[in-house]
Amino acid sequence: MDIDTKTISALATRLQDAERNVTPIEKITNDYPELGLTDAYRIQQALVTRKTEAGHAMVGWKMGLTSQAKMRQMSVDRPIYGILLDCFAEAESGEIDASRFIHPRVEAELAIVTTSSLYGPGCHIGAVFQATECVMPAVEIIDSRYRDFRFDLPSVIADNASSSGFIIGSRMMRPEKADLRALGVVLERNGEIIEVGAGAAVLGNPLSSVLLLANMLAERGEEIPAGSLVLTGGITAAVAMSPGDSLTVKFQNLSSITARFR
Ligand code: OOG
Ligand code: MG
């Protein structure tokens, strides 16, 4: 069922307030059980439009729930996307102010930047390969606006797929130099290995995540323009971070990313 524009706007406000006040809310489908995925993306867009109107720039997209580890962790069964804004960027090797998050979690991801536009329907991995300028190591910092990270698919889509922050590593690679399927990652918190994985965990190849994004956007008549950043989704389960925790994510043949939450 389609919900009216006033309700879309009211639900975007609910999520915006939760983010601003750093206070979790219950998932919005508790009040709107009939909320469908199309309306959920309308709420996401309304939320993002408020940020761009406030002066923030869109830099690309993040795919979410593209690995079995993530789907299992969150009890959802389908990939989603969210929109990345310039204000989400955190410095590599930097200190991250944990007070802006409700309950931050980090994810080891591979990111790409496009050199030409990508569009569906029928976008295929060859097109993604050709349009990929470089592959970069990335850490996504997610923060659900929902209590205890408990949501369903429409609720998390409306919440811009838990987008909050990202760190891009400095050592990048041309796509032909990397077998992204075999690229290993090790995620350590306070020096202890918490998660390990390889790129293949993301839909068999992280580039498949980009083609899926192009095809999902095509359903809305949109495309991925040249110069877009795309985070392809967590390779392993997400890991909770508290103030004082340090993070190191090692990416095979790429730079490591370190950060400290304060
Ligand atoms: C939704 C976002 C998932 C990923 O990489 O799978 C995501 C969530 O788990 O809160 O960013
Ligand atoms: Mg992610």
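Above this note sits the structure.
What you see is a predicted model; the values in this text were computed from it and never measured.

Asks: Explain the layout of surface pockets to me, please; I cannot follow it from the model alone.
Replies: If a probe the size of a water molecule is rolled over the atoms, the empty space left behind becomes visible. Its volume calculated, the largest pocket comes out at about 320 Å³. Together, 17 residues line the largest pocket, and Q16, E19, R20, K51 and H56 are the ones closest to its centre. In terms of residue class, the lining of the largest pocket is made up of 7 nonpolar, 3 polar and 7 charged. Computed from the structure, the second largest pocket encloses a volume of approximately 160 Å³. Lining the second largest pocket are L37, T38, Y41, R78, P79, I80, L153, I157, L212, M216, E219 and R220. Within the residue set of the lining of the second largest pocket, elements represented by two or more residues are α2 (37–53), α5 (153–158) and α6 (206–218). Ranked by residue count, the leading element in the lining of the second largest pocket is α2, at 3 residues. Taken together, the residues of the lining of the second largest pocket break down into 8 nonpolar, 1 polar and 3 charged.

Asks: For this particular structure, what's the right way to read the packing of helix α1 (residues 5–21) against α2?
Replies: What describes two packed helices is the angle between their axes and the distance between those same axes. Taken N-terminus to C-terminus, the directions of α1 and α2 make an angle of 60°; their axes are 9 Å apart at the nearest point. Between α1 and α2, the crossing angle belongs to the class labelled oblique. The crossing of α1 and α2 is right-handed. When α1 is examined against α2, the residues T5, I8, S9, L11, A12, T13, L15, Q16 and E19 are found in contact with a partner set consisting of D39, R42, I43, A46, L47, R50 and K51.

Asks: Even after reading the chapter, I still don't get the environment of A182, so can you show me in this structure?
Replies: By the element assignment, A182 lies in the loop between β6 (163–168) and β7 (184–189). A182 sits 64 residues away from L118 along the chain, and the two C-alpha atoms are 25 Å apart. What A182 contacts, discounting residues up to four positions off in sequence, is A198 and Q252.

Asks: Would you take a moment to explain the coordination of the magnesium ion (ligand 2) for this structure?
Replies: Only E107 (OE), E109 (OE) and E140 (OE) from the protein coordinate the magnesium ion (ligand 2), and they sit 2.0 Å from it. For the magnesium ion (ligand 2), the single-chain donor residues occur in sequence as E-x1-E-x30-E. One end of the pair, E109, is in strand β4 (residues 105–114); the other, E140, is in strand β5 (residues 132–142), with 31 residues separating them in the sequence. Exposure class is identical for E109 and E140. Each is buried.

Asks: Help me out: how do you make sense of the site of ligand 1 in this one?
Replies: Neighbouring ligand 1 are 17 residues; L65, K70, E107, S162 and G234 lie closest to it. Taking E109, its side chain carries an N or O atom lying 3.0 Å from an oxygen atom of ligand 1. Measuring from an oxygen atom of ligand 1, one finds a side-chain N or O atom of S162 at 2.6 Å. Burial of ligand 1 by the protein amounts to 100% of the accessible area it has alone, namely 320 Å². Among the cavities detected, the one that contains ligand 1 is the largest cavity. Broken down by secondary-structure element, the contributors of at least two residues to the shell around ligand 1 are β1 (58–64), α3 (68–74), β4 and β5.

Asks: Teacher, can you tell me more about the sheet that holds β7 here?
Replies: The strands making up a sheet associate through hydrogen bonds between their backbones, and the pairing can be parallel or antiparallel. With mixed pairing, 5 strands are arranged side by side in an open sheet as β3-β12-β11-β7-β8. If you trace the sheet from one side to the other, it starts and ends with β3 (95–96) and β8 (192–198), each paired once. The pairing of β7 with β8 spans 6 bridges and is antiparallel. Bridging from a neighbouring strand, V186 pairs with V196 of β8.

Conventions and cut-offs
- Residues numbered from 1 in each chain as written.
- Chains lettered and ligands numbered in written order.
- Predicted model: local features only at pLDDT ≥ 70, side-chain atom pairs only at ≥ 80, totals over all residues.
- Heavy atoms only, no water.
- 1 Å grid on protein atoms, 1.4 Å probe; cavity = no way out; pocket = protein on both sides within 12 Å on 5 of 7 lines; lining within 4 Å.
- Points joined across faces, edges and corners; volume = space filled by probe spheres on them.
- Nonpolar A, V, L, I, M, F, W, Y, C, P; charged D, E, K, R; others polar.
- Helix = DSSP H or I, 4+ residues; strand = E, 2+ residues; numbered from the N terminus.
- Axes fitted to C-alpha atoms, helices over the stretch in contact; angles between N-to-C directions.
- Parallel < 35°, antiparallel > 145°, perpendicular 65-115°, else oblique.
- Left-handed = near helix turned anticlockwise from the far one by under 90°.
- Contact = heavy atoms within 4.5 Å.
- Donors = N, O, S within 2.8 Å, 3.2 Å for Na, K, Ca; no water.
- Buried < 20%, exposed > 50% of the residue type's maximum accessible area, 1.4 Å probe, protein only.
- Near = heavy atom within 4 Å.
- Polar contact = N/O pair within 3.5 Å; in protein donor to acceptor, adjacent residues only side chain to side chain.
- Areas by Shrake-Rupley, 256 points an atom, 1.4 Å probe, with all protein chains shown as cover.
- Sits in = over half its atoms within 2 Å of the grid points.
- Pairing = 2+ DSSP bridges.

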